[in-house]
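The chain contents come next:
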Amino acid sequence: MVVVDDQVAIEPAEGSDNGPAPEDVVEDFDPLSVEPEPEGGLAGKQSSTEIHRAEERSAGNEDLDGAVLSEAFAGYGLVCGYVRPKNGDQRNALVEGSYDRLFMRSDVLVLDWTLNGDTGQTTSQLVSRLVHTKQGKLGRLRLICIYTNDPDLYGVRDTLQRKLKDEGHELEVSENGDGLGIVARDFRISVLGKSGVSRPAIPGFSAVSEAELPERIVREFAQASHGILPGFALKSLSLLRDNAPTLLQRFQSDLDPAFVSHDLLTGEGRRFAIQLIAREIQSLLESTGAGDMISRKRIESWAKDRLASGEFVPQVQGKKRALKDVSPDSVLELLAQEKVKIDTLRDSRGGQLGVSKMATVASLFTTADRARASEEELGRLSCFARDLHSGYTFEREPTLQLGTILIRDAGTSVGELAPDPLRESEQDESKREFLLCLQPLCDSERLESDERRGFPMIPLSEVELGKEFHFLALDHCKEKRALAGTAKPHEMIIIPFRPTGSEGVVRAVKRDDIPRFTSDDGEEFLWIGELRPEHALRVSHELGRLISRVGLDESEWLRNDGLNR
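How each quantity is defined
Residues numbered from 1 in each chain as written. Predicted model: local features only at pLDDT ≥ 70, side-chain atom pairs only at ≥ 80, totals over all residues. Heavy atoms only, no water. Helix = DSSP H or I, 4+ residues; strand = E, 2+ residues; numbered from the N terminus. Buried < 20%, exposed > 50% of the residue type's maximum accessible area, 1.4 Å probe, protein only. Contact = heavy atoms within 4.5 Å. Areas by Shrake-Rupley, 256 points an atom, 1.4 Å probe, with all protein chains shown as cover. Axes fitted to C-alpha atoms, helices over the stretch in contact; angles between N-to-C directions. Parallel < 35°, antiparallel > 145°, perpendicular 65-115°, else oblique. Nonpolar A, V, L, I, M, F, W, Y, C, P; charged D, E, K, R; others polar. Expected span 1.5 Å × (residues − 1). Arc of directions from axis to C-beta. Core = buried A, V, L, I, M, F, W, Y, C linked by side-chain atoms within 4.5 Å. Phe/Tyr/Trp six-rings, centres within 6.5 Å; stacked < 30°, edge-to-face > 60°. Patch = residues over 30% accessible without salt bridge, like charges linked within 9 Å, V, L, I, M, F, W, Y side chains within 5 Å. Salt bridge = Lys/Arg side-chain N within 4 Å of Asp/Glu carboxyl O. Pairing = 2+ DSSP bridges.

Caption draft 1: Here's a closer look at the overall build of the protein. For the protein, the helix and strand inventory stands at 16 helices and 23 strands. Residues counted as buried form 39% of the 565 residues belonging to the protein. Sequence separation of at least 24 residues holds for 71% of the intrachain contacts in the protein that already meet a minimum separation of 6. Per element, the accessible surface of the protein, about 31,400 Å² overall, is 50% carbon and sulfur.

Caption draft 2: Looking closely at the packing of helix α9 (residues 256–266) against helix α10 (residues 269–287). Relative orientation of the contacting elements α9 and α10 amounts to 135 degrees, with a least axis distance of 9 Å. If you check the angle between α9 and α10, you find them oblique. Here Phe 259, His 262, Asp 263 and Thr 266 of α9 come into contact with α10, specifically with Gly 269, Arg 270, Phe 272 and Ala 273. Counted by class, the contact of α9 with α10 contains 3 nonpolar, 3 polar and 2 charged residues.

Caption draft 3: Molecular detail of helix α7 (residues 228–242). Helix length check: α7, at 15 residues, gives a terminal C-alpha distance of 21 Å against a target of 21 Å (1.5 Å per residue), a fit within 8%. Within α7, burial applies to Ile 228, Gly 231, Ser 236 and Leu 239. When α7 is viewed along its axis, its buried side chains cluster within an angular range of 140 degrees and face the same direction. Taken together, the buried residues of α7 touch α10 and α11 (296–308).

Caption draft 4: Spatial organisation of the nonpolar core. Of all hydrophobic cores here, the largest spans 36 residues; its most connected members are Leu 400, Met 457 and Phe 497. Only β15 (404–409), β16 (432–437), β17 (453–463), β18 (471–474), β20 (493–497), β22 (514–518), β23 (524–531) and α15 (533–547) provide two or more residues apiece to this core. For this core, the element with the most residues is β23, which contributes 5 residues. Ignoring anything within four residues of it in the chain, the contact list for Met 457 reads Leu 400, Leu 406, Leu 435, Leu 436, Cys 437, Glu 491, Met 492, Ile 493, Ile 495 and Phe 497. Core analysis: the second largest hydrophobic core is formed by 30 residues, Leu 126, Val 127, Leu 130 and Leu 164 among them.

Caption draft 5: Local environment of the packing of aromatic side chains. Applying the stated criterion across every chain yields a total of 4 aromatic pairs. A ring pair is formed by Tyr 99 and Phe 103, whose centres lie 6.0 Å apart and whose planes are at 25 degrees; its orientation type is stacked. When the centroid spacing of 6.0 Å and the interplanar angle of 55 degrees are considered together, the rings of Phe 497 and Phe 525 count as tilted. Residue Phe 497 is found in strand β20, and its partner Phe 525 is found in strand β23; the two are separated by 28 residues along the sequence. Side by side, Phe 497 and Phe 525 carry an identical accessibility label, which is buried. A network of ring pairs unites the aromatic residues Phe 455, Phe 497 and Phe 525 as a single cluster.

Caption draft 6: Structural view of a nonpolar patch on the surface. On the surface, Phe 251, Leu 255, Ile 274, Leu 276 and Ile 277 cluster together into a nonpolar patch covering about 400 Å² of accessible area. Position of Leu 255 among the secondary structure elements: in the loop between α8 (244–249) and α9. Leu 255 gets classed as partly exposed once you look at its relative accessible area, which sits at 44%.

Caption draft 7: Local environment of the pairing of strand β9 (residues 180–183). Side chains Leu 180 and Ile 182 project from β9 onto one buried face, and the interleaved Gly 181 and Val 183 project onto a second face that is buried too. Linking β9 to strand β10 (residues 188–193), which pair antiparallel, is a turn of 4 residues.

Caption draft 8: Region of interest: the packing of helix α2 (residues 88–95) against helix α4 (residues 121–131). Between α2 and α4, the shortest axis-to-axis distance is 8 Å and the interhelical angle comes to 25 degrees. Relative to α4, the element α2 is oriented roughly parallel. Contacts from Arg 91, Leu 94 and Val 95 in α2 reach Thr 122, Gln 125, Leu 126 and Arg 129 in α4. Of the residues in the contact of α2 with α4, the class split is 3 nonpolar, 2 polar and 2 charged.

Caption draft 9: Region of interest: the side chain of Ser 236. Mapped onto the secondary structure, Ser 236 falls in helix α7. With relative accessibility at 8%, the residue Ser 236 sits in the buried group. Among residues more than four places away in sequence, those in contact with Ser 236 are Leu 285 and Ala 290.

Caption draft 10: Looking closely at the pattern of salt bridges. Using the criterion set out here, one finds 31 salt bridges in the structure. Between Arg 346 and Glu 333 there is a salt bridge, with its nearest N and O atoms 2.9 Å apart. Here Arg 346 is found in the loop between α12 (328–336) and α13 (368–383), whereas its partner Glu 333 is found in helix α12, with 13 residues between them in sequence. Under the relative-accessibility criterion, Glu 333 is labelled partly exposed at 41%. Arg 452 is the partner of Asp 520 in a salt bridge, and the nearest nitrogen-oxygen pair spans 2.5 Å. Residue Asp 520 is found in the loop between β22 and β23, and its partner Arg 452 is found in the loop between β16 and β17; the two are separated by 68 residues along the sequence. Given the relative accessible area of 45%, Arg 452 is considered partly exposed. Within the structure, one salt-bridge network assembled from shared partners comprises Asp 450, Arg 452, Arg 498, Asp 520 and Asp 521.

Written out as structure tokens, the structure is:
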């Protein structure tokens, strides 16, 4: 936690305790224990102009009590630091990047709205700067809390909302009982009021004292990560932090001679090291029981919350693809079964649905449109190691290897690929070709500096959803592409490339925010993603099976009647 407030008093008052009492220390917080954010968000409105009169702060108590705040955070096992700008120069340093490294390594940032007498200009600029980091990500920071004496909390929220919307952010306004918030895909901003201030009455609102602020922040953070998989991801990160010493001990310096030997003999030390650490992290999470968080009991509790919201009618898709309404009670009964039997679901009138096999039941827990979007995103996550829209910051551009998916535009002359993605999207899509690289990893690395190496590619057929496909990808214009890797051996093509720089690999070069590969013949290809190895190997295996077929000259009667076809 980092608190930015020019009025924070860090020194503890005389006679105060040095820390929380043992009985004040709370257990790990369960992200599923908070109420879920309503889907779509709720627009907060100030429904009354009645003034709620609270006891005014005295002139000597204007400071934020940092000592009380630190002790309260310590009760949650959280570390709290402070930045106290005392003048205009120090205030300007906030928005000029002097503290970026600190802010990006924080999980929560608590900001005062008024700093050195301004009226929110510094804080709004700082928020804008933080959410406009590379690719729009906040790094580790997920939650920003505006903790203010300002009586007009809706005004604070609306000022931030207008600024961020003008800068291109997709936002929803949310009102969670006693607080106001701005919700985006990658961050959450909560506007909280300090106690002892006269404000217009806000339904459900209550001021937050310094002692109460940590609990409120923990709940806000959990709400930003509410759900089965968000909660699991948060728990996994917590376990990794707690067990970091164990993980580090697995990679002692005594291993360095063997590792250097491996690197010198194979030239693949970097990839090997990443594989080792990834496998150790998986082993650590499995051994610490991270998966216990995803239990049937938790899923049942999650489903009850969603069904009780009344925001949708549970449905399933019948044999003729028609949606049928389902009784919410039968969904809960289904979840309570030790061995789930889909055919026990009943319709809204209590009759049998007559549906026993289906590809998805996601529409039991949200609207049909949201269910389809959820399935598609999970499908992409399970297939792709990374792609153009995964959100990760690429410090190093991708290399050409097994599983790379490229776009080749047959309608563009060699060396004249349209640099503008919007122009590309307007071209004749029938001329655009998706290719999957099937070059084994061992043949994609350790290339000689001037070596011309052929990379085998197969075309991926683009089909409509509902037809046979293997991967659901997003192209460079974020258009959904259902791709099937069913090419025949005679459709394979070999495209020559040369290694980039001295790394011994073919690495993409980013232009117009899209990684691109240039073949040795001058043709450009757009990179859109890299499959997980097992998915790429599935296509390679199928192609290898076709190549290994044995064709015999034999009697037609023997071939047909012997069922050897």
